[in-house]
Amino acid sequence: MTTTQPQQFASDNYAGICPEAFAAMAEANAGSATAYGADGWTQRATDAFRDLFDTACDVFFVFNGTAANSLALAALCQSYHSVICSSSAHVETDECGAPEFFSNGSKLLVAPSSDGKLTPDAVRRLATSRSDIHFPKSRVVTITQPTETGLVYTVAEIEAIAATCRSLDLKLHMDGARFAHACAALGCAPADITWRAGVDVLCFGGTKNGMGVGEAIVFFDPALSVDFDYRCKQAGQLASKMRFLAAPWVGLLESGAWLRNAAHGNACAARLAAALANLPDVRLMVPVEANAVFLDAPAAVLDGLRARGWQFYTFIGGGARFMFAWDAAIERVDALAADLRAVCQRADREVMAAA
Ligand SMILES: *Cc1c(COP(=O)(O)O)cnc(C)c1O
């Protein structure tokens, strides 16, 4: 696909860089600056996170989400510890063993989950399933907000998981690859679903929020971030020209684009879901709460969509996934809905003709 072809919604990573992030990078590109994060842009981005979260958090900038999650989890664990996650968690299904690799072997303990969310019960069950020396000791819980299927944990749900974590002496990590979308969906302050609710470390996604590259690791407890800079460097995640990872955050956070971008993605997903409400052959597999739409439809309908040029992934539960980023064009969302309606009618006619 080139950028001159019609917009697709197969992934929110298809989107480009939003104007606010791009402008900040262009500004950072005027002249030179100190390397390895000792520059004004990195300081300004860090300050913007402290303002956003209303607390003196420690912030680190890395290139991608796999590294952010893996290094954050490694910082919370010894190699003989384990990390509790949902069966559909990105750390389990899509990071090629990086969390285990960077933690030198901390085991992921996977909780079966029908909707992708972890619950206090599931955490307690796994954490207390064994207490003998032969099994890795539970140390961390990781939740994805919103989940990989676009469900949003409420403040109360996070607080309940955090309370369970505290009672079992577990740390709580949040994979926030789409954290902004959860904030937009809940209409809450970022602090309310992180440190005020009991989250210790957040990986805040920049890439899916309108940046070209970059994620922020936010430590709400400074005791947990000791030597984290060394961990990033050893993992090849210390950017020498750090200002280009930091500046787009300044652009996103200071302008409010981080939240506008996410709200737009969420609104596009809601728009598609609403347009499909009366289609008999098409079913939403998951309630639409953030920027994802998962459709269950007959193979003929999905083939019909592909024949009309639409790209989408079907690797989760056999459904078709559509993701909406900051740049989703309303006309393309409507075109997708119209094509779905058309292929459904056609599939119906074919069934009737064959009967
Ligand atoms: C996209 C994503 C990540 C980060 O993936 P990278 O490709 O490593 O940047 C992490 N967690 C979730 C839930 C994601 O969707």
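Residues numbered from 1 in each chain as written. Predicted model: local features only at pLDDT ≥ 70, side-chain atom pairs only at ≥ 80, totals over all residues. Heavy atoms only, no water.

1. Some points on the overall build of the chain
To keep it simple, the criterion reads: In this text, helices come from DSSP runs of H or I with a minimum length of four residues, and strands from runs of E with a minimum of two, each type numbered from the N-terminal end. Radius of gyration here uses only the C-alpha atoms, and the compact-globule reference equals 2.2 Å multiplied by the residue count raised to the power 0.38. Per-residue accessibility, obtained with a 1.4 Å probe over protein chains only, is compared with the maximum for each type, and a residue is labelled buried under 20%, exposed over 50%, and partly exposed between these values. In what follows, residue pairs with any heavy atoms lying within 4.5 Å of each other are defined as contacts. Here the accessible surface of atoms and residues is derived via Shrake-Rupley with a 1.4 Å probe, and residues count as covered only by protein chains that are part of the display. In this tally, Asp and Glu contribute negative charge and Lys and Arg positive charge; neither His nor the terminal groups of the chain are included. By convention, the charge on Lys lies at NZ, on Arg at CZ, on Asp at CG and on Glu at CD.
When helices and strands are tallied, the chain shows 13 helices and 10 strands. The C-alpha radius of gyration computed for the chain amounts to 21 Å, which stays within 12% of the reference 20 Å derived for 355 residues, consistent with globular compactness. Across the 355 residues of the chain, 51% fall into the buried class. Contacts in the chain between residues far apart in sequence, at least 24 positions, make up 76% of those at least 6 positions apart. If you sum the accessible surface of the chain, you get close to 15,300 Å²; carbon and sulfur atoms cover 53% of it. If the 28 positive side-chain charges of the chain are averaged to one point and the 37 negative ones to another, these points end up 2 Å apart.

2. Details of the domain arrangement of the chain
Heads up, the rule is: Per the annotation, domain bounds derive from an automatic or database assignment of domains. Summed over both partners, the accessible area lost on bringing two parts together, with a 1.4 Å probe, is the buried area.
Along its sequence, the chain is carved into domain 1 (19-256) and domain 2 (258-354). Relative to domain 2, the C-alpha centre of domain 1 lies at a distance of 30 Å. Taken together, the 23 residues of domain 1 in the interface contact 19 residues of domain 2. Surface buried jointly by domain 1 and domain 2 totals about 1,800 Å² across both partners, of which 60% is contributed by carbon and sulfur atoms.

3. Considerations on unusual backbone geometry
Residue proline 146 is reached from glutamine 145 by a cis peptide bond, and omega for that bond is -10°. For proline 146, the location among the structural elements is in the loop between strand 4 (137-144) and helix 7 (155-167). Here the phi dihedral of cysteine 96 falls at roughly 55°; this positive angle occurs in a residue that is not glycine. A positive phi angle is found at asparagine 104, which is not glycine, with a value near 60°. Among the structural elements, asparagine 104 can be located in the loop between helix 5 (98-102) and strand 3 (107-111). On the accessibility criterion, asparagine 104 (65% relative accessible area) is exposed.

4. What about the site of the ligand?
The test is simple: Whether a residue is near a molecule or strand depends on its heavy atoms: it is near if one of them lies within 4 Å of it. In protein, a polar contact requires one atom able to donate a hydrogen and another able to accept it; more generally it is a pair of N or O atoms within 3.5 Å, and residues adjacent in sequence count only if both atoms are side-chain atoms.
Taken together, Asn64, Gly65, Thr66, Asn69, His90, Glu95, Thr144, Glu148, Asp175, Ala177, Arg178 and Lys208 make up all the residues around the ligand. In this structure, a nitrogen atom belonging to the ligand sits 3.4 Å away from a side-chain N or O atom of histidine 90. Within the contact set of the ligand, an oxygen atom lies 3.1 Å away from a side-chain nitrogen or oxygen of arginine 178. In isolation the ligand offers 390 Å² of accessible surface; the protein chains occlude 81% of this area. Examining the composition of the shell around the ligand, we find that three residues originate from one element, helix 3 (residues 65-76), more than from any other.

5. Comments concerning the environment of isoleucine 17
Looking at the element boundaries, isoleucine 17 is found in the segment before helix 1 (19-28). Put simply, isoleucine 17 and glycine 212 are 195 residues apart on the chain and 5.2 Å apart in space, counted from C-alpha to C-alpha. Isoleucine 17 has contacts with Phe22, Gly210, Met211, Gly212 and Trp326, leaving out every residue within four places of it along the chain.

6. What to know about the sheet that holds strand 6 (residues 201-205)
Applied cut-off: The pairing criterion is simple: DSSP has to find at least two bridges between the two strands. Only the stretch in contact is used when fitting a helix axis, every axis being a line fitted to C-alpha atoms; angles between N-to-C directions are given from 0 to 180 degrees.
A sheet is described by the order of its strands in space; here seven strands give the open sequence 1-7-6-5-4-2-3, paired in mixed fashion. Whereas interior strands pair on both sides, the edge strands pair on one side only; in this sheet they are strand 1 (58-62) and strand 3. Here the average twist between neighbouring strands, direction ignored, is 20°. Relative to strand 3, strand 2 (residues 81-86) runs parallel, the two sharing five bridges. When the sheet's bridge partners are listed, serine 82 is paired in strand 3 with lysine 107. Where helix 2 (residues 40-53) meets the sheet, its contacts fall on strand 1, strand 6 and strand 7 (215-219), and the angle it forms with strand 1 comes to roughly 125°.

7. Thoughts on the sheet that holds strand 8 (residues 283-284)
Taken in spatial order, the three strands make up an open sheet running 8-9-10, and their pairing is antiparallel. Here the strands that pair on one side only, and so sit at the sheet edges, are strand 8 and strand 10 (320-323). Here strand 8 runs beside strand 9 (residues 292-296); their pairing, made up of two bridges, is antiparallel. In the sheet register, leucine 284 faces strand 9, and the bridge partner there is leucine 295.

8. Considerations on the packing of helix 2 against helix 10 (residues 243-255)
Under the convention used in this document: Comment on the angle field: the value is read as roughly parallel under 35 degrees, roughly antiparallel over 145, roughly perpendicular from 65 to 115, and oblique elsewhere. A clockwise turn of the near helix away from the far one marks a right-handed crossing, whereas an anticlockwise turn of less than a right angle marks a left-handed crossing.
Orientation of helix 2 relative to helix 10, taken along the N-to-C sense of each, is 40°, at an axis distance of 8 Å. In terms of their interaxial angle, helix 2 and helix 10 are classed as oblique. The hand of the helix 2/helix 10 crossing is left-handed. Together, Trp41, Thr42, Arg44, Ala45, Ala48, Phe49 and Leu52 of helix 2 and Arg243, Ala246, Ala247, Trp249, Val250, Leu253 and Glu254 of helix 10 make up the contact between the two elements.

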